[in-house]
Amino acid sequence: MSVTDQPEAEAPEGLEALEALEAQFEAVIARSDRVEPRDWMPDGYRRTLIRQVAQHAHSEIIGMQPEGGWITRAPSLRRKATLLAKVQDEAGHGLYLYSACETLGVSRGELTEMLIEGKQKYSSIFNYPTLSYADVGTIGWLVDGAAICNQVPLCRTSYGPYGRAMIRICKEESFHQRQGYELLMAMMRGTDEQRAMVQESVDRFWWPALMMFGPPDDDSPNTAQSMAWGIKRNTNDDLRQRFVDMSVPQAEALGVTFPDPELRWNAGRGHYDFGQPDWEEFAQVVKGDGPCNAQRIAHRRRAHEDGAWVREAASAFAAKQAAS
Ligand code: FAQ
């Protein structure tokens, strides 16, 4: 049952009316029901969702670039077809998420402007370069793996359109992760040079993958409120731990190591202990000073400008249809 489905009591006015709406909203959250687009919601809830869903959508779209550069250089037709399909899926995820965000009262055009003007963020991970073909496998395994850990709980997020988009996205992300792991497994069964390429790639991506979960809980300004509103279901550190616990046995099966001397099983906790990423580096990348930030945004801006005629033609066509 959503807020607007609630039986209406007396139609109260002013402050009383606002308090009634707030109480209905809180009751929906407490029951872990979904809030839907036409329901009343606090401004802060709407703003937080726009921020998170937009950042998520932008990440999918910018996230097409690091792997996209390898499509023309894939080593076989089969690998090329698989990579092409994956990158197209990412475009689709971006579109689901932009649509979910539009239900909150912001247009896709405005969101794109905010991305290319640097007013909204996207995931730090996509500001690192892809230097070898092994990176395609590592992104599938570790980056999509981290994305899945973070996104499966978001299928139960309190905002209906976001949660429903996440259900579809997560199904495709599991395929993405498996294709990455399978690619790395094939390379690990190859030559010494290929095995070294995989290890070098894993060494570069491990720490940035841990940063995807956001700052440590103590430095995360948004987590407490987002969890109280049921937007986030877990804290950044909980999900990071889940990812480490999941990845270590996979690395062992693959035959690679992670570049963390502090990584070891802690029987008392029933989890792996691990070291901290370089949070200074994370701050730099999020601020816009990572290795590829300028390149990623310039590319996105160019694609947006090059596509202006398509948008104009589509609007002219829609206007003509409406007029007839
Ligand atoms: N990068 O208070 P918190 C993918 C910002 S998966 C950049 O903890 P929150 C799939 C944060 O926005 C990747 N910025 O924030 C794929 C906030 O800034 P603000 C995308 C980050 O929101 C795979 C500030 O730091 N996934 O694309 C990052 O509660 C392969 C303080 O942080 C999602 O977006 C970061 N890593 O928690 C595609 C998942 N972390 O706005 C292609 C949905 C934090 O206050 C290839 N989002 N910040 O100025 C979330 O779950 C949350 O938004 C978090 C951050 C966990 C990312």
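Conventions we followed
- Residues numbered from 1 in each chain as written.
- Predicted model: local features only at pLDDT ≥ 70, side-chain atom pairs only at ≥ 80, totals over all residues.
- Heavy atoms only, no water.
- Axes fitted to C-alpha atoms, helices over the stretch in contact; angles between N-to-C directions.
- Helix = DSSP H or I, 4+ residues; strand = E, 2+ residues; numbered from the N terminus.
- Parallel < 35°, antiparallel > 145°, perpendicular 65-115°, else oblique.
- Left-handed = near helix turned anticlockwise from the far one by under 90°.
- Contact = heavy atoms within 4.5 Å.
- Nonpolar A, V, L, I, M, F, W, Y, C, P; charged D, E, K, R; others polar.
- Salt bridge = Lys/Arg side-chain N within 4 Å of Asp/Glu carboxyl O.
- Buried < 20%, exposed > 50% of the residue type's maximum accessible area, 1.4 Å probe, protein only.
- Near = heavy atom within 4 Å.
- Polar contact = N/O pair within 3.5 Å; in protein donor to acceptor, adjacent residues only side chain to side chain.
- Areas by Shrake-Rupley, 256 points an atom, 1.4 Å probe, with all protein chains shown as cover.

Undergrad: Tell me about the packing of helix α2 (residues 43–62) against helix α4 (residues 77–102), residues and numbers included.
TA: At a minimum axis separation of 8 Å, α2 and α4 run at an interaxial angle of 160 degrees. The angle between α2 and α4 falls in the class roughly antiparallel. In terms of crossing hand, the pair formed by α2 and α4 is left-handed. Judged by residue contacts, Ile-50, Val-53, Ala-54, His-56, Ala-57, His-58, Glu-60 and Ile-61 of α2 engage Glu-90, Ala-91, His-93, Gly-94, Leu-97, Tyr-98, Ala-100 and Cys-101 from α4. Along the lines of polarity and charge, the residues of the contact of α2 with α4 split into ten nonpolar, four polar and two charged.

Undergrad: Go over the pattern of salt bridges with me, naming the residues and quoting the values.
TA: Counting across every chain of the model gives 13 salt bridges. When the shortest N-O distance is used, the salt bridge between Arg-31 and Asp-33 registers 3.0 Å. Overall, the relative accessible area of 40% leaves Arg-31 in the partly exposed class. Of the charged contacts in the structure, one is a salt bridge between Arg-240 and Asp-237, with a shortest N-O distance of 2.8 Å. Within this pair, Arg-240 and its partner Asp-237 are both found in helix α10 (residues 236–254), separated by three residues, close to a single helical turn. Assessed through its relative accessible area of 1%, Arg-240 is described here as buried. Taken together, the shared-partner salt bridges connect Glu-67, Lys-86, Glu-90 and Asp-144 into one network.

Undergrad: Explain the site of the ligand to me, using residue names and the numbers behind them.
TA: Taken together, 35 residues lie near the ligand, and Gln-55, Lys-121, Ser-220, Lys-232 and Asn-236 sit nearest. A distance of 2.8 Å separates a nitrogen atom of the ligand from a polar atom in the backbone of Ser-124. Within the side chain of Asn-236, one N or O atom sits 2.8 Å away from an oxygen atom of the ligand. When the ligand is considered free in solution it has 1100 Å² of accessible area, and contact with the protein chains removes 91% of it. It is α2 that contributes the most residues to the shell around the ligand, six residues altogether. Here the shell around the ligand is composed, by residue class, of 13 nonpolar, 13 polar and nine charged.

Undergrad: Describe the side chain of Ser-201, with residues and values.
TA: The topology assignment puts Ser-201 in helix α8 (residues 192–211). Given a relative accessible area of 0%, Ser-201 falls into the buried group. Of note is the side chain of Ser-201, whose polar atom sits 2.6 Å from the side chain of Thr-138. Not counting the four nearest positions on each side in its chain, Ser-201 is found in contact with Ala-134, Asp-135 and Thr-138.

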